[in-house]
Structure formats: C-alpha cells, structure tokens
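Overview (structure and organization)
One-letter residues, chain by chain:
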Amino acid sequence: MQFGIFTVGDVTTDPTTGRTPDDTERVRSMLTIAKHADEAGLDVFATGEHHNPPFVPSSPTTMLGYLTGVTKNIVLSTSTTLITTNDPVRLAEEYAMLQVISDGRMDLMMGRGNTGPVYPWFGQDIRQGIPLAIENYALLRRLWTEDVVDWEGKFRTPLQGFTSTPRPLDGVPPFVWHGSIRSPEIAEQAAYYGDGFFHNNIFWPMSHTKQMVQFYRQRWEHHGHGPADTAIVGLGGQVFMRKDSQKAWDEFRPYFDNAPVYGHGPSMEDFTRETPLTVGSPQQVIDRYAAMRDHVGDYQRQLFLVDHAGLPLKTVLEQIDLLAGEVVPVLRKEMEAVRPAHVPANPPSHAERVAAARAAGTEGAAHVGGTEDLWTGRTAEDDTRTATAGAAFGL
C-alpha cells in the first residue's frame, strides 16, 4: 500500500506568530517538503492545482518536473489536475513530458477543483462542469492512445490529423485517478475506464465516503474490470501528531481555529469526531487509519495533508518524520496482513502497465475502436452514462 502526502499550497498567516510567508517562500517550502518526504521513505508526493490566492501551485507540471531531478524514489502526482478548465491537448503534452522526464515515476489525478471562479477565468461555464470533465477526459485518452486524432466535440475547436508529442513513455499513458468528493458521475467515469478513484474525504464523514467508494467498486465490476474488491481506491486524510496527545491538541488548536478552510466553524473536537482529521499521538493515528479498511475495503493509496493552515516548515518536516518513522510502517504491516491475495496492494506502476500492454499486444499501438472503451464498446460521452450514475447512486 502506498502512503504519502499532498499539499494544497495555501499561503496562510501563522496564527501563533502573525507571520505570513510570501509566494516564493511558500513554493520553495513545498519543494523542501517533497524532497524530505522522499528522503524519509514515503511513497507519494502530490500537489494541487489552483489559480487564485491564497494558493500558489498554479503549474503542477513545472513543480513536479523539477522534483523528478531532486528526488529518487517517491511517486510524483497531482491531488488535482483541472480536467474542466485545462485544454486536453495541453494536458496530453505536459503530462506525457513529465512521464518521460520522470521515467514513469508519476501519475495524476483529474478533478474539477473547488474554486467556482476558475471556470470563467479560463473561458468555461461552471454549469458545464460534469460534461466538461467527461468530454475533456475522453479526448485526453485519445490523444495519448492514438497517434493521429480527428476529433470534434462541444467545448473546444475540432482537431484534424493532430498528433500530441511527446508520445507516452513506452507507448503506455500515465495512470490516472479521478478525484471527487460528492459527484457519482466522476466515480462512474473512473470505473468506466478502469482508472483509480480517489475520495479526498478530509471534510466528510466516513458514511459518505463509504457510499461513494462502494458505488465506484460496483460500477468497476459492472464495466468488466474485475471483482469489485480489486478496484483501485485512494483516500485523503489529515493528521497532526506529537508524542504526547495533549501537546498535539494544544499546539494544533490555534491553526485549526484560524484556518481559512474550516476555521471559525465547527470545533476541533467536532471536526475530529466527524471527519478523518486526527490530532494526537502516532498510535492514535495508527488506530484511526487502520480502521479505514472497515469502511471502504482494502485500498491502495492513503495521502495525508500536513502542511496547511500556516504551520511552520519545521513543524511540517517533523510531521513527515513521525509519519514515515512511526505511523506508516505499522499501518503498512497491518493493512497487508489482512489484504486478500487477489487484491492489488498498490496502484499499477508504469512497469506493470507496460508488461500488461505487451501481454495484450497493445503497447505503443493506437487505441483500437477510436473513442470506444475497450471493455464495453461504449463511448464516454454517452448521455446515458451520467444518468446511470445518478440513478444508481440514488440521485
């Protein structure tokens, strides 16, 4: 199982000192955090994508491209790549380039983001969020899997005889996650293509997360990718740890109370009870996250948010050391001890995807069937798909 961290890249005043880093300092601290996570032995570093203050990660591929040269083992990913407001042609080019530069040590997570104004900033209509996600991703897949693409859709100009370069590494596109908090259509999209589904449940009770993951698993099996328990699932989380639990609560409380996202809202006691936020000792984090399997089944990736709300860089690095040194080894051992043999322990690596493509005779080949899914023969733009998703989820 993979364990790592993700960042939203917020620039927030430290409520205990009144100090606010500037954008440059915050970007450089994110690079330091990623390098430290690699050195500590975590499996994944993921960055969000935002185009508005108080966030700075507006160019994920630039950051991750730099990190490929200064890290050794960690998987470099995104915790959001905006599939709705980025041009799919540009996404195909940028992430294929990152895949080549990193020698396959990357993947990415598609998402719609949580900032409504980003849509008009990039010439789109927020009311078309779901259709944009469906159409843009269908085009992105074709750009990666077909050498020459002729395409016409609703949201961008047509393509005639277009070839995206560079071509994916070894003829196999990057592994894709689809991230969603509340949209069953996105869980359906992930299941339809046999991609990963990531539920970033940092603000939601486990009852909701369980419902979303179960729906994805059911649709994964429906679309012919294998038994429901073999679907590729990831979860988000938040932790703040000290050796002494009370010290953790005392230290983190001012950051929680003043955080732009949830400050001045529910109490920290209520929030930790209702969501995966865990404040306390490493053992309390182990106990809380080992129980996630009871809600969603065996899953493949757990990411933690540790560098938000104005926390000093030194404190964040200490959190990474506690995760990597005391929490992850125990969680990994406990999770793998009960994982059935047929359930994947990790998301598929690039090498595994290449081997599978070679076995199927599809390595480096155009995607047979054009816009049709290899498993179902149906197109992603099929209007009945989103209707099926909503109906199956009780919406």
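Structure shown above.
The model shown is predicted, which means the values in this text are computed figures rather than measured ones. (Residues numbered from 1 in each chain as written. Predicted model: local features only at pLDDT ≥ 70, side-chain atom pairs only at ≥ 80, totals over all residues. Heavy atoms only, no water.)

A few points about the overall build of the protein
Counting its regular elements, the protein contains 14 helices and 12 strands. Computed over the C-alpha atoms, the radius of gyration of the protein is 20 Å, within 12% of the 21 Å expected from 2.2 N^0.38 for a compact globule of 395 residues. By principal-axis analysis of the C-alpha atoms, the protein measures approximately 60 × 45 × 40 Å. With an accessible surface of roughly 16100 Å², the protein has 52% of that area assigned to carbon and sulfur atoms. (Helix = DSSP H or I, 4+ residues; strand = E, 2+ residues; numbered from the N terminus. Rg over C-alpha atoms; globule rule 2.2 N^0.38 Å. Areas by Shrake-Rupley, 256 points an atom, 1.4 Å probe, with all protein chains shown as cover.)

Considering the nonpolar core
Membership of the largest hydrophobic core comes to 102 residues, with the highest contact counts inside it found for Ile5, Phe45, Tyr216, Phe252 and Ile320. Ranked by residues supplied to this core, first place goes to helix α12 (residues 313-338) with 10 residues. Those residues within four positions of Ile5 in sequence are excluded, and the remaining contacts are Ile33, Ala37, Leu42, Val44, Phe45, Ala46, Leu303, Phe304, Val306, Ile320 and Leu323. Counting 5 residues, the second largest nonpolar core, distinct from the first, contains Leu82, Tyr119, Leu132 and Phe155. (Core = buried A, V, L, I, M, F, W, Y, C linked by side-chain atoms within 4.5 Å. Buried < 20%, exposed > 50% of the residue type's maximum accessible area, 1.4 Å probe, protein only. Contact = heavy atoms within 4.5 Å.)

Topic: the packing of helix α3 (residues 88-101) against helix α5 (residues 129-145)
It is at 9 Å that the axes of α3 and α5 come closest, and there the two elements cross at 45°. Judged on the interaxial angle alone, α5 and α3 are oblique. For the pair α3 and α5, the sense of crossing is right-handed. When α3 is examined against α5, the residues Pro88, Val89, Leu91, Ala92, Tyr95 and Ala96 are found in contact with a partner set consisting of Asn136, Leu139, Leu140, Leu143 and Trp144. For the contact of α3 with α5, a count of residues per class yields 10 nonpolar, 1 polar and no charged. (Axes fitted to C-alpha atoms, helices over the stretch in contact; angles between N-to-C directions. Parallel < 35°, antiparallel > 145°, perpendicular 65-115°, else oblique. Left-handed = near helix turned anticlockwise from the far one by under 90°. Nonpolar A, V, L, I, M, F, W, Y, C, P; charged D, E, K, R; others polar.)

With respect to the packing of aromatic side chains
Tallied over the full model, the rule gives 13 aromatic pairs. Where Phe197 meets Tyr216, the ring centres are 5.3 Å apart and the plane angle is 35°; that geometry is what we call tilted. Taken together, the positions of Phe197 in strand β9 (residues 196-199) and Tyr216 in helix α7 (residues 206-222) put the pair 19 residues apart, joining distant regions of the chain. Given a relative accessible area of 0%, Phe197 falls into the buried group. Pairwise contacts between aromatic rings join Phe203, Phe256, Tyr262 and Phe271 into one cluster. (Phe/Tyr/Trp six-rings, centres within 6.5 Å; stacked < 30°, edge-to-face > 60°.)

A few points about the pairing of β9
Going residue by residue along β9, you find Gly196 and Phe198 tucked away on one face and Phe197 and His199 tucked away on the opposite face as well. With 3 bridges connecting them, strand β8 (residues 176-179) and β9 associate as parallel partners. Looking at the pairing, Gly179 lines up with Phe198 of β9. In this fold, β8 hands off to helix α6 (residues 184-193), which returns the chain to β9; that crossover is right-handed. (Pairing = 2+ DSSP bridges. Right-handed = clockwise from strand over helix to strand, strands pointing away.)

Focus: the pattern of salt bridges
Scanning the model with the defined rule gives 22 salt bridges in all. The residue Asp298 makes a salt bridge to Arg293 at a minimum N-O spacing of 2.6 Å. Overall, the relative accessible area of 10% leaves Asp298 in the buried class. Taking relative accessible area as the criterion, Arg293 reaches 25% and is therefore assigned partly exposed. Across the pair Glu318 and Lys314 runs a salt bridge whose closest N-O atoms are separated by 2.5 Å. A residue pair is termed a helical-turn pair when its members lie 3 or 4 positions apart in one helix, as Glu318 and Lys314 do in helix α12 at 4 residues. For Glu318, a relative accessible area of 24% translates into the label partly exposed. Connected through shared salt-bridge partners, Arg242, Glu251, Lys314 and Glu318 make up one network. (Salt bridge = Lys/Arg side-chain N within 4 Å of Asp/Glu carboxyl O.)

Some points on the environment of Thr13
One can find Thr13 in the loop between β1 (2-7) and α1 (23-40). Judged by its relative accessible area of 36%, Thr13 falls in the partly exposed class. Distance from Thr13 to Glu269, taken between C-alpha atoms, is 23 Å for residues 256 residues apart in sequence. A polar contact of 2.4 Å, which involves the side chain of Thr13, links it to the side chain of Thr20. (Polar contact = N/O pair within 3.5 Å; in protein donor to acceptor, adjacent residues only side chain to side chain.)

Thoughts on unusual backbone geometry
Here the amide bond leading from Pro53 into Pro54 is cis, since omega sits at 10°, within 30 degrees of zero. Along the polypeptide, Pro54 turns up in the loop between β2 (44-47) and α2 (60-70). Between Thr165 and Pro166 the backbone carries a cis peptide bond, its omega angle lying at -5°. As for its position among the elements, Pro166 is in the loop between β7 (159-162) and β8. The backbone of Asp103 sits at a positive phi, close to 60°, despite the residue not being glycine. Following the sequence through the fold, Asp103 ends up in the loop between α3 and β5 (108-111). Exposure remark for Asp103: the relative accessible area of 59% places this residue in the exposed category. Of note, Ala309 is a non-glycine position whose phi angle comes to about 65°, a positive value.

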